[in-house]
Structures are given as structure tokens and as C-alpha cells.
Amino acid sequence: MQRSLIRKEVIPFLLMFGSLILATLITDALLHQFDLAWIGRWLGIPGTLLILSSFLYSLRKRKKISFGKPKTLLTLHETLTWIGALFILVHAGVHIYAILPWLALIAMLINVISGMTGKFLLDRSRRFLAEKKELYLQQGLSEAEVEKHLFWDATTYDLMKQWRTIHLPITLAFGVLGLTHILSILLFWQWK
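These notes cover the structure that comes with them. As a convention, each chain's residues are numbered from 1 in the sequence order in which they are written. Local features in a predicted model are, by the rule used here, given only for residues with pLDDT of at least 70; side-chain atom pairs are given and counted only at 80 or more, and totals for whole chains, interfaces and linings are based on all residues. Values reported for side chains reflect all heavy atoms of the structure, with hydrogen atoms and water molecules removed beforehand.

### Focus on the overall build of the protein chain
Thought 1: We count a stretch as a helix when DSSP gives it H or I for four or more residues in a row; a strand needs E for two or more, and each element gets its number in order from the N terminus. Per the secondary structure count, the protein chain includes 8 helices and 0 strands.
Thought 2: In sequence order, the secondary structure elements of the protein chain are arranged as α-α-α-α-α-α-α-α.
Thought 3: Per-residue accessibility, obtained with a 1.4 Å probe over protein chains only, is compared with the maximum for each type, and a residue is labelled buried under 20%, exposed over 50%, and partly exposed between these values. Scored against the burial criterion, the 192 residues of the protein chain give a buried share of 33%.
Thought 4: Looking at the protein chain alone, contacts between residues at least 24 apart form 76% of all its contacts between residues at least 6 apart. Every residue pair with non-hydrogen atoms within 4.5 Å of one another is taken to be in contact.

Right, here's the structure in full:
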């Protein structure tokens, strides 16, 4: 029996996102366990710098810079963004006390989810559909029967292809909210 696109691709994607949340909870718990929770307050800075560094891939992709191999920069983008998001999530912890940090955090999480959709799901899902279609055709099914068998998988894939319509505006919103949060901290933080 063949597995569906949801079981083969979507559930592993959700597990990857869940690993980010789990790593955040474990890191935050360890910091509190060893009375190092104050470190979390400072993790926002390296987290932000890592995420900003990850934009080298976007600059290369849009031909704003010419150095670096796109594949290497994509891997760097994904790694730096994941670690940066982890640092920012630990930084946020459960100590968020104002609307601006909440909005920035939510925008970052949506941005991470939409970025992971592009990385983990789309290419693999396209290949999965092509393989499944080829298998059905080899079994002697007609095009109409193949389309009927692939309807839900194809619908799932079509919905996932819409990720860029979310990813780019959310990246911008996250950037604006994050920058506003940083500026408000610089202005109002009791620097001691």
C-alpha cells in the first residue's frame, strides 16, 4: 500500500518544526535549571545576527552579490535561520510582556514555517507526485483514473505551492516588527 503525500511529506515537515520548538523548550529549561536564565535575555542579539547573515542567500539569488555558490548559501541560509530562530525563541521564553515582541515572534514563526515549506516539502512533493503518477501509468491506469487517484495529493501540493505568497510578506513584516522591537529596547531598556 502506498503512503499518501500527507504521511510521506507533511508529517515529517511538522516533526522538523516540532524539533525547533522542542529544542527551544529544552534549552530554556536547562538555562533555568542551572540558574542561567539571564543568558536568554542576550540570545536575541546573536539570533538576530544569524538571521541577518542568512540573507546572503537571498542577495545571491537576486544577483545583488556574486560570491558564494547558491547551493552552499542555501544550506547556510537554512542552518543560520534555524539556529537564529532557536536563539530568539529562547530569548522570548515565556517572559513576553508587550504586544510588539509577541507580534515579532509570531511573524518569525510563520516565516520559519513558510521557509521550511519551500525547503522540505515542495521539491520532494513534486517528485512524489511524479513517481506516483508514473507508477499508476505503469499499472495500466488511464490518465483520468490517475488524476482521480492523485486528486487529494495534487490538491495538497497545489496548496503548498502558494508558500511564496506568504513567505516574502511575512519576512518583511518580521523584519519591520523585529527592528521596531530592537529600537524600542535600545530606547527604553534600563541599561545596567
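The structure having been displayed, the exposition proceeds.
### Quick word on the layout of surface pockets
Thought 1: Lining residues are defined by having an atom within 4 Å of a point belonging to a cavity or pocket. Those points lie on a 1 Å grid over the protein atoms alone, cavities being sets where a 1.4 Å probe fits but cannot get out and pockets being open sets with protein on both sides within 12 Å along at least five of seven lines. Grid points are joined across faces, edges and corners, and a volume is the space filled by probe spheres set on the points. Computed from the structure, the largest pocket encloses a volume of approximately 1100 Å³.
Thought 2: Every residue lining the largest pocket is counted, 40 residues in all, and those nearest its centre are Gly44, His91, His181, Ile182 and Ile185.
Thought 3: Listing elements by their share of the lining of the largest pocket, those giving two or more residues are helix H1 (5-33), helix H2 (38-42), helix H3 (44-53), helix H5 (70-92), helix H6 (99-138) and helix H8 (163-188).
Thought 4: Among the elements that make up the lining of the largest pocket, the one with the highest residue count is H8 (11 residues).
Thought 5: In the scheme used here, Gly and all other residues not listed as nonpolar or charged are polar, with Ala, Val, Leu, Ile, Met, Phe, Trp, Tyr, Cys and Pro taken as nonpolar and Asp, Glu, Lys and Arg as charged. Along the lines of polarity and charge, the residues of the lining of the largest pocket split into 27 nonpolar, 11 polar and 2 charged.
Thought 6: Taken as a whole, the second largest pocket holds about 870 Å³ of empty space.
Thought 7: Lining the second largest pocket are 31 residues, with Leu74, His77, Gly115, Trp163 and His167 positioned closest to its centre.
Thought 8: Elements represented by at least two residues in the lining of the second largest pocket include exactly helix H4 (56-61), H5, H6 and H8.

### With respect to the packing of H6 against H8
Thought 1: Following both chains from N to C, one finds H6 and H8 inclined at 150°, their axes separated by 8 Å at the closest point. Classified by the angle their axes make, H6 and H8 are roughly antiparallel. In this structure, H6 meets H8 at a crossing whose hand is left-handed. Helix axes are fitted to C-alpha atoms over the stretch in contact, other axes to C-alpha atoms as well, and angles between N-to-C directions run from 0 to 180 degrees. Angles below 35 degrees are treated as roughly parallel, those above 145 as roughly antiparallel, those between 65 and 115 as roughly perpendicular, and all remaining angles as oblique. Crossings are classed by handedness, with left-handed meaning an anticlockwise turn of the near helix from the far one by less than a right angle and right-handed meaning a clockwise turn.

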